[in-house]
Amino acid sequence: MIDFKHAIIYQIWPRSFKDSNQDGIGDIQGIISKLDYLQDLGITAIWLSPIYASPNDDYGYDISDYYAVQPEYGTMQDLDELILECKKRNIDILMDLVANHTSTEHAWFKDALHNPNSPTRDFYFFREGKNNKEPNNWLSFFGGSSWTKESDNSYYLTSFAPTQADLNWDNEQVREEIYKIMEFYLKKGIRGFRMDVINCIDKKPGLPDKNPHKKGYQFPDDYLLNGPKVHTYLKEMHERVLSKFDGSISLAEGCLVTLDDAMNYTKPANKEIDMCFHFDLSMLGYGELGKFDFRKGYRHTASDIKAVTRKWQNAMIEQNGYIANFLSNHDNKRHIERFGDVKLYYLESAKALALYNFMLMGTPFIYQGEEIGMTNLKLDYAEWKDYEAINSVKTLNTMLHVPLFIAKKIGQFVTRDNARTPMQWTNEQHGGFSSTSPWLKCNPNTKYINVADSQKDPQSIYHFYKKLITLRKENEALVTGQFKEYNADHKNIICFTRTLNDESFLVLINLTKVAATITLDESFIGEEILHNGSYKELRKVMKLAPFEAHLYKLTKEEKAAEKVALHSSPYRT
Ligand code: TEU
Ligand code: CA
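(A) Highlighting the sheet that holds strand β17 (residues 493-500). In space, the 5 strands of this open sheet follow the order β16-β17-β18-β22-β20, with antiparallel pairing throughout. Of all the strands in the sheet, just β16 (482-486) and β20 (526-531) have a single pairing partner and so form its edges. When the angles between neighbouring strand axes are averaged without regard to direction, this sheet yields 25°. In this sheet, β17 lies alongside β16 in antiparallel orientation, the contact comprising 5 bridges. Residue pairing for β17: Lys484 is matched across the bridge by Thr497. In this fold helix α15 (residues 461-474) packs onto β17, β20 and β22 (549-554), with an angle of close to 135° to the strand it touches most, β20.

Structure follows, in structure tokens:
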């Protein structure tokens, strides 16, 4: 059984991965049909985004029945078959546990609505309004108030979409129900869970206004995020469920998680969670209110990336916590355009960023399609599917008085739909995803960006990912070796080593679209293991082209001395 540190995890967003019954919607049988592809890629686990029954207001993150599979995706038998077929290929499954909220279509919520005395009424946050307004001034993640009206003066808390009602984790029965759901799937043989916004489950008691002196809705950040009882509940969850399943893996999606909280969630002594996503990299260029806050112009620098890297890598060393690293996911536009350059340095930057992500301390994640360099797709407003984008554009316009055509441009630029276009398997019209027009348009560039063509091209992004996966599997130093940064203040190039005992690798990447020269802090000697362009001998002064990236295996000092002697020896062969 591969532990969470040695895992290489592939995120599948099922609606867009592979359609097996030609209804234009991805499904579980489609995933099963691609397991040989995933096994050949070399990944060791799948993070399966939600496949539970859902009205699809948030495409599965609004669950109406935790014990049923979304009919569009298949049946519980299909899920059992997926688990079995994954086991045959030594691929683990992490399912998505969405426990901060349920859909308002869930039976618990419907009972609570129809019967104010129902025991499930306290599963949620029903509160009276205040002065003919919502119970407090909290801004929801998806724009607008965090409250949805039940009747004339009664509201319920909905921190995301109005049909995603927050669960009251202070209610022990809620926790019992969540633990039952977890056990149900763990007993089926899944390995564990990615836990959706799990750091939001402890709301500030009394649900007070945030910054009441300020006008308009206010994002509740520390009133909603990383409350002290998150640790209490995670410890209880670990003790009651996860500890009972040998080798279970738990991953917290800590949206806007702080460094200390992430470290405290994941340090082994705390017996809470194995690993945690942070969002400092994925939020670069976004304003403080998230991806629709355009005030930073969606710009960042290589120094910003280096600062985020330094912060989290050093924290893992100092605090013994553990993070998972990703470049793309289903919640953000695809990363080559954001952190690389799709126009001038598409191949180089895709590979450079992949090398960066795979060489960090922490478990690397691959989001479906990133391994073949899939890119973003400009969609017309009428084609948009993502509630977050549709509602945030309205909020920008109505609340912040941003002209609608500008708000729509921002939405088009950042919408999560960018990352949700169908997986591109072949150069056919719908990318081999389906034989019928899919639920969301397939990127026309599937003509030349697709799995089939990538597999045939030894220089493709796909084969570069396969090399990275193999390197991590074959070199313990790349998994548990210590991170050490050099030339921290260089504006373009990131330089760090990964060292375990006497094995050491040096990573050298130009994170910018301009050529740069670096005089390395140390005189390293080593052999090139991997590059994204052409071989370059490791020297004290290195001149790197835009997005040029190299990985070297360093030679031990005494061997280096020998080598230098040999080089200068007249007997050199
Ligand atoms: O995302 C919550 C979250 O962290 C994102 O909304 C993120 O803050 C934002 O996109 C900025 O990057 C999780 C799921 O991943 C997302 O798909 C759901 O919509 C959301 O929770 C509600 O369940
Ligand atoms: Ca289908």
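(B) Inspection of the packing of aromatic side chains at higher detail. For the coordinates displayed, the defined rule picks out 36 aromatic pairs. Taking the centre distance of 5.2 Å and the plane angle of 80° together, the rings of Phe4 and Tyr322 count as edge-to-face. With Phe4 in the segment before β1 (9-12) and Tyr322 in the loop between α9 (302-319) and β14 (323-325), this residue pair connects regions lying 318 residues apart in the sequence. As far as the burial class goes, Phe4 and Tyr322 line up, both buried. Ring centres 6.1 Å apart and planes at 80° place the aromatic pair Tyr286 and Tyr298 in the edge-to-face group. Taken as a pair, Tyr286 in the loop between β13 (275-277) and α9 and Tyr298 in the loop between β13 and α9 lie far apart in primary sequence, 12 residues in all. A connected cluster of aromatic rings, assembled from ring pairs, spans Tyr52, Tyr66, Tyr67, Trp108, Phe123, Phe184 and Tyr185. Above the face of the Tyr223 ring, Lys210 is positioned so that its terminal group lies 4.3 Å from the ring centre.

(C) Structural detail: the sheet that holds strand β2 (residues 45-48). The strand order β1-β2-β5-β11-β12-β13-β14-β15 describes a closed barrel built from 8 strands, whose pairing is parallel. Here the strands of the sheet are splayed against their neighbours by 30° on average, with no regard to which way each runs.

(D) View of the site of ligand 1. Lining the immediate environment of ligand 1, one finds 18 residues, of which Asp58, Asp196, Cys255, Lys291 and Asp331 sit closest. Within the side chain of Glu253, one N or O atom sits 3.1 Å away from an oxygen atom of ligand 1. Here an oxygen atom of ligand 1 and a side-chain polar atom of Asp331 are 2.4 Å apart. Its free accessible area being 500 Å², ligand 1 has 97% of it covered by the protein chains. The residue inventory of the shell around ligand 1, partitioned by class, reads 5 nonpolar, 4 polar and 9 charged.

(E) Examining the coordination of the calcium ion (ligand 2) more closely. Coordination of the calcium ion (ligand 2) by the protein involves Asp19 (OD), Asn21 (OD1), Asp23 (OD), Ile25 (O) and Asp27 (OD), with metal-donor separations of 2.2 to 2.3 Å. For the calcium ion (ligand 2), the single-chain donor residues occur in sequence as D-x1-N-x1-D-x1-I-x1-D. Accessibility assignment for this pair places Asp19 and Ile25 in one class, buried.

(F) Layout of the nonpolar core. Leu79 and Trp169 are the most contacted members of the largest nonpolar core, which totals 171 residues. Of the residues forming this core, the biggest block, 9 residues, is contributed by helix α11 (residues 346-359). In this structure Leu79 touches Ile28, Leu48, Ile51, Val69, Met95 and Tyr185, once residues within four positions along its chain are discounted. If you look at the next biggest cluster of nonpolar residues, it comprises 14 residues, including Ile493, Leu508, Met542 and Tyr552.

(G) Region of interest: the environment of Phe358. Within the fold, Phe358 resides in helix α11. Sequence-wise, Phe358 and Gln368 are 10 residues apart; in three dimensions their C-alpha atoms are separated by 16 Å. In contact with Phe358, not counting residues within four places along its chain, are Ile8, Pro364, Ile366, Tyr465, Leu468, Ile469 and Arg472.

(H) Just the pairing of strand β12 (residues 249-253), in detail. For β12, the tally of buried residues reaches 5 of 5 residues, placing the bulk of the element in the interior. With burial as the criterion, each face of β12 is covered, one bearing Ile249, Leu251 and Glu253 and the other bearing Ser250 and Ala252. Sheet analysis places strand β11 (residues 192-195) next to β12, joined by 4 bridges and oriented parallel. Residue pairing for β12: Phe193 is matched across the bridge by Ser250. Here β12 pairs with β13 via 3 bridges, running parallel. Pairing of Leu251 across the sheet is with Met275, part of β13. Crossover connection from β12 via helix α8 (residues 259-266) to parallel β13: handedness right-handed.

(I) How the structure looks around helix α13 (residues 404-414). What α13 keeps buried is the set Ala407, Ile410, Gly411, Gln412 and Val414. Looking at the buried side of α13, the elements it contacts are α12 (387-398).

(J) A look at the pattern of salt bridges. Applying the stated criterion to the full structure yields 39 salt bridges. Linking Asp36 and Arg89 is a salt bridge whose minimum nitrogen-to-oxygen distance equals 2.7 Å. Highlighted residues: Asp36 in helix α2 (residues 35-41) and Arg89 in the loop between α3 (76-88) and β5 (92-97), separated in sequence by 53 residues. Residue Asp36 is classed as partly exposed on the basis of its relative accessible area, which comes to 47%. Note that Arg194 and Asp196 form a salt bridge whose closest N and O atoms lie 2.9 Å from each other. Given a relative accessible area of 1%, Arg194 falls into the buried group. For Asp196, a relative accessible area of 8% corresponds to the buried category. Each of Asp58, Lys291, Asp331, Asp386, Glu388, Arg416 and Arg420 takes part in a single network of salt bridges with overlapping partners.

Cut-offs used in this document
Residues numbered from 1 in each chain as written. Chains lettered and ligands numbered in written order. Predicted model: local features only at pLDDT ≥ 70, side-chain atom pairs only at ≥ 80, totals over all residues. Heavy atoms only, no water. Pairing = 2+ DSSP bridges. Helix = DSSP H or I, 4+ residues; strand = E, 2+ residues; numbered from the N terminus. Axes fitted to C-alpha atoms, helices over the stretch in contact; angles between N-to-C directions. Contact = heavy atoms within 4.5 Å. Phe/Tyr/Trp six-rings, centres within 6.5 Å; stacked < 30°, edge-to-face > 60°. Buried < 20%, exposed > 50% of the residue type's maximum accessible area, 1.4 Å probe, protein only. Lys NZ or Arg CZ within 6 Å of the ring centre and 35° of its normal. Near = heavy atom within 4 Å. Polar contact = N/O pair within 3.5 Å; in protein donor to acceptor, adjacent residues only side chain to side chain. Areas by Shrake-Rupley, 256 points an atom, 1.4 Å probe, with all protein chains shown as cover. Nonpolar A, V, L, I, M, F, W, Y, C, P; charged D, E, K, R; others polar. Donors = N, O, S within 2.8 Å, 3.2 Å for Na, K, Ca; no water. Core = buried A, V, L, I, M, F, W, Y, C linked by side-chain atoms within 4.5 Å. Right-handed = clockwise from strand over helix to strand, strands pointing away. Salt bridge = Lys/Arg side-chain N within 4 Å of Asp/Glu carboxyl O.

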